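Chain by chain, the residues:
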Amino acid sequence: MNASFISLVQFLFLGNNLIWTLSSFFSAALLLTVVASFSERDVDNKVLPNQGIRQSFKNSLMFAVVSFPFSVILMVFSQNALGFPFRLEFVLILASCLPISAALFYGGATCINHFTIRLILYCNGWLPWNYARFLDYCTERLLLERVGGRYRFIHKMLQDHFAAIS
């Protein structure tokens, strides 16, 4: 490992610099909290298939884009304030931690989980890839009824049969 990187980590987390580092990261967290309070989280009226996942993806992308310039500026000022020479690779590596964690926290992890589950179910042959099209097909054949963003069985016997299985 690069000796200057090790010395940067030691300098950031030892002595009085720990207070500077923690205050920098807490101010970044405060900024993200303020930005998060302005985001729209209401997805009660679903109109499109996968609308919630699409909104989660948009949120994660927005937080990554918003937090990256802030974290780059924070890292540049931190390096200058701590007396380290400017190293672009340190700035980019350390500054990318905040946007990645913000993207994962604000919807990115949900999108990854959703895609992974769909991929596993599709590869095992348990569900079609375009599940919304399959549900619409069942609705056209009068097996299902669409109620808002949800589907339910029309026929009482089908409901009772599947309820007895589970």
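Residue numbering note: each chain is counted from 1, following its sequence as written. Per-residue local features are limited, in this predicted model, to residues with pLDDT of at least 70; the limit for side-chain atom pairs, both in listing and counting, is 80 or more; totals at the level of whole chains, interfaces and linings are taken over all residues. Excluding hydrogens and water, the side-chain figures rest on all heavy atoms present in the structure.

Our next topic: the confidence of the model for the chain. pLDDT is defined as a per-residue confidence score from the predictor, taking values between 0 and 100. Mean pLDDT over the chain works out to 78, with 72% of the residues at or above the 70 mark. Secondary structure elements are defined from DSSP: runs of H or I of at least 4 residues count as helices, runs of E of at least 2 residues count as strands, and each element is numbered from the N terminus. When pLDDT is averaged over each element of the chain, helix 6 (residues 131–140) comes out on top at 90 and helix 1 (residues 3–13) at the bottom at 57.

The subject of this paragraph is the packing of aromatic side chains. Between the rings of Phe, Tyr and Trp (Trp by its six-membered ring), a pair exists once the centres lie within 6.5 Å; its type follows the angle of the planes, with under 30 degrees stacked, over 60 edge-to-face, and the other angles tilted. This model, assessed by the stated rule, comprises six aromatic pairs. Relative to Phe162, the ring of Phe153 lies with its centre 5.0 Å away and its plane at 20 degrees, an arrangement referred to as stacked. Residue Phe153 is classed as partly exposed on the basis of its relative accessible area of 27%. Owing to a relative accessible area of 39%, Phe162 belongs among the partly exposed residues under this scheme. Three or more aromatic residues joined by ring pairs make a cluster, and in this case those are Phe63, Phe105 and Tyr106. Two limits define a charge over a ring: the Lys NZ or Arg CZ must be within 6 Å of the ring centre, and within 35 degrees of the ring normal. Its end group placed over the ring of Trp129, Arg118 keeps NZ or CZ at 5.1 Å from the ring centre. Relative accessible area decides the class of each residue, using a 1.4 Å probe on protein chains only: under 20% of the type maximum gives buried, over 50% gives exposed, and in between gives partly exposed.

Mapping Ala95 onto the fold places it in helix 4 (residues 88–95). Sequence-wise, Ala95 and Phe68 are 27 residues apart; in three dimensions their C-alpha atoms are separated by 6.8 Å. Among all residues touching Ala95, those that are not within four sequence positions of it are Phe68, Ser71, Val72, Met75 and Phe90. By the convention used here, residues are in contact when the closest approach between their heavy atoms is within 4.5 Å.

A separate point is the pattern of salt bridges. Take a side-chain nitrogen of Lys or Arg and a carboxyl oxygen of Asp or Glu: if they are within 4 Å of each other, that pair is a salt bridge. Inspection of every chain in the model, using the stated rule, returns three salt bridges. The residue Arg141 makes a salt bridge to Glu140 at a minimum N-O spacing of 3.4 Å. Here Glu145 and Arg152 are joined by a salt bridge, their closest N and O atoms 3.0 Å apart.

On to unusual backbone geometry, then. The phi angle of most residues is negative, glycine excepted, and most peptide bonds adopt the trans form. Located in the positive-phi region is Leu142, a residue other than glycine, with phi close to 65 degrees. By secondary structure assignment, the location of Leu142 is in the loop between helix 6 and strand 1 (144–147).

Note that strand 1 and strand 2 (residues 150–153) share four bridges and pair antiparallel. By the bridge assignment, Leu144 is partnered in strand 2 with Phe153. What makes two strands pair is DSSP finding at least two bridges between them. Two successive antiparallel strands, strand 1 and strand 2, enclose a turn made up of two residues, where Gly148 displays a positive phi of approximately 65 degrees.

Before going further, it helps to spend a moment on the packing of helix 3 (residues 51–82) against helix 4. Interaxial distance between helix 3 and helix 4 falls to 9 Å at its minimum, and their mutual angle equals 135 degrees. Of the possible angle classes, the one that applies to helix 3 and helix 4 is oblique. Note that helix 3 runs across helix 4; the crossing there is right-handed. Here helix 3 contributes Phe68, Ser71, Val72, Met75, Val76 and Gln79 to the contact with helix 4, which in turn contributes Phe90, Val91, Leu92, Leu94 and Ala95. To obtain each axis, a line is fitted to C-alpha atoms, and for helices this fit is confined to the stretch in contact; angles are then taken between N-to-C directions over 0 to 180 degrees. Here is the rule for angles: anything less than 35 degrees is roughly parallel, anything more than 145 is roughly antiparallel, 65 through 115 is roughly perpendicular, and the remaining ranges are oblique. Handedness of a crossing follows from how the near helix is turned relative to the far one, being left-handed for an anticlockwise turn of less than a right angle and right-handed for a clockwise one.

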